[in-house]
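# Notes for the structure review
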Amino acid sequence: MRPSRRAPDELRAVSLERGAVKYAEGSCLVKFGDTHVLVTATLEERLPSWLKGQGRGWVTAEYGMLPRATLERTRREASSGKQSGRTVEIQRLIGRSLRATLDLEALGERQITVDCDVLQADGGTRTASITGAWVALADCIAWMKARNMIKTNVLRDHVAAISCGIYNGTPVLDLDYAEDSNAETDANFVMTGDGRIIEVQGTAEKTPFSQEEFLALMALAQKGVSKLVDLQKIAVG
């Protein structure tokens, strides 16, 4: 039995609230159970120097956790003067995931910065961030279309992400912290709306896992991402 009493293939309660921030071109408050992330998308008429003159845009991401997003206060990274390796890894993952289904040439020489701020963490902050980031990005692009800044489809597909793991010998979907901290194996899957894989991160925490177990996790992820994409479609109308 899972600590949450969910079925092995059951997601936590998921919500995607658009327009959560007044001033951002796109925003989404995403909730995966007790994991809550505020995502904003900001349009800037500038590019990194290494991209200037190439006739294409860029999407990048920043990620951070508020001090009391966790059970005990976590020191702000700004106060230590540098980001942790985990933070850098996650924000790079978010950026890669979003760019995978974007037509950067259609975006033009502009940059969209997606900020993912974890308000409350209970496992799966990176997967919630990616799923909510797509909604914020879609809203930002819709904002641009409404002002005739772009004329073609920039977003070619949906992007969503979900965690899976082996907990007490059973493959399960969407791990919360109680499961993640005790799982024999945990993995994160980032996928497109049509089921293609963008990235897979999998780690054996205690016992190496078999190919059969990996395929079971992938099947769970495909099911979970399909449900998340349906929720994205509802959210953006």
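Notes on the structure follow. Keep in mind it's a predicted model, so treat the numbers as computed, not measured.

## Structural notes on the pattern of salt bridges
- If you walk through the whole model with that rule in mind, you get twelve salt bridges.
- Salt-bridge contacts for Glu-44 lead to Arg-46; the nearest nitrogen and oxygen are separated by 3.0 Å.
- Judged by its relative accessible area of 47%, Arg-46 is partly exposed.
- The network of salt bridges with shared partners includes Arg-2, Arg-6, Asp-176 and Glu-179.

## Overview of helix H2 (residues 85-99)
- Across its 15 residues, H2 extends 21 Å between first and last C-alpha, which sits within 8% of the 21 Å expected from 1.5 Å per residue.
- Every buried residue of H2 is accounted for by Thr-87, Ile-90, Gln-91, Leu-93, Ile-94, Gly-95, Ser-97, Leu-98 and Arg-99.

## Some thoughts on the sheet that holds strand S1 (residues 14-18)
- Spatially, the five strands line up as an open sheet ordered S1-S2-S3-S5-S4, and their pairing is mixed. The sheet is open, and its two borders are formed by S1 and strand S4 (58-65), each paired with just one other strand. Looking at each pair of strands side by side, their axes are set apart by 15 degrees on average, direction ignored.
- Here seven bridges tie strand S2 (residues 26-32) to strand S3 (residues 35-44), and the two strands are oriented antiparallel to one another. Residue pairing in the sheet places Val-30 in a bridge with Val-37 of S3.
- Where H2 meets the sheet, its contacts fall on S4 and strand S5 (111-120), and the angle it forms with S4 comes to roughly 145 degrees.
- Packed onto the sheet, helix H6 (residues 211-236) meets S1 and S2 and runs at close to 25 degrees relative to S1.

## Thoughts on the packing of H2 against helix H4 (residues 125-146)
- The geometry of H2 relative to H4 is characterised by a closest axis approach of 10 Å and an angle of 40 degrees between their N-to-C directions. Considering their axes alone, H2 and H4 lie oblique with respect to each other. Handedness of the H2/H4 crossing: right-handed. From H2, Arg-86, Glu-89, Ile-90, Leu-93, Ile-94, Ser-97 and Leu-98 reach across to H4, where they touch Thr-125, Arg-126, Ser-129, Ile-130, Ala-133, Trp-134 and Leu-137.
- Its residues placed into classes, the contact of H2 with H4 shows eight nonpolar, three polar and three charged.

## A short note on the nonpolar core
- If you look at the biggest cluster of nonpolar residues, it comprises 60 residues, and the most contacted ones within it are Ile-94, Ile-112, Val-114 and Ile-162.
- At eleven residues, the largest contribution of residues to this core is made by H4.

## Details of the sheet that holds strand S9 (residues 197-204)
- On the basis of which strands lie adjacent, the open sheet formed by four strands has the order S7-S6-S8-S9 and antiparallel pairing. Every interior strand has two partners, whereas the edge strands, strand S7 (170-173) and S9, have only one. Sheet twist, expressed as the average angle between the axes of neighbouring strands with direction ignored, equals 15 degrees.
- Sheet topology places strand S6 (residues 159-167) next to S7; four bridges connect them, and they run antiparallel.

## Comments concerning the environment of Thr-40
- Assignment of secondary structure puts Thr-40 in strand S3.
- A relative accessible area of 14% means that Thr-40 is categorised as buried.
- C-alpha separation for the pair Thr-40 and Asp-174, spaced 134 residues apart in sequence, amounts to 23 Å.
- Residues contacting Thr-40, with those up to four places away along its chain left out, are Val-21, Ala-24, Gly-26, Ser-27, Thr-113, Val-114, Asp-115 and Ala-136.

## So, the side chain of Asp-186
- Looking at the secondary structure, you find Asp-186 in strand S8 (residues 185-192).
- For the buried Asp-186, no salt bridge exists, and the shortest N-O distance to an oppositely charged side chain is 7.7 Å, to Arg-126.
- Apart from residues lying up to four places away in sequence, Asp-186 is in contact with Cys-164, Gly-165, Leu-175, Asp-180, Gln-201, Gly-202, Thr-203 and Glu-205.

What counts, and at which threshold
Residues numbered from 1 in each chain as written. Predicted model: local features only at pLDDT ≥ 70, side-chain atom pairs only at ≥ 80, totals over all residues. Heavy atoms only, no water. Salt bridge = Lys/Arg side-chain N within 4 Å of Asp/Glu carboxyl O. Buried < 20%, exposed > 50% of the residue type's maximum accessible area, 1.4 Å probe, protein only. Helix = DSSP H or I, 4+ residues; strand = E, 2+ residues; numbered from the N terminus. Expected span 1.5 Å × (residues − 1). Pairing = 2+ DSSP bridges. Axes fitted to C-alpha atoms, helices over the stretch in contact; angles between N-to-C directions. Contact = heavy atoms within 4.5 Å. Parallel < 35°, antiparallel > 145°, perpendicular 65-115°, else oblique. Left-handed = near helix turned anticlockwise from the far one by under 90°. Nonpolar A, V, L, I, M, F, W, Y, C, P; charged D, E, K, R; others polar. Core = buried A, V, L, I, M, F, W, Y, C linked by side-chain atoms within 4.5 Å. Lys, Arg positive; Asp, Glu negative; His and termini not counted.

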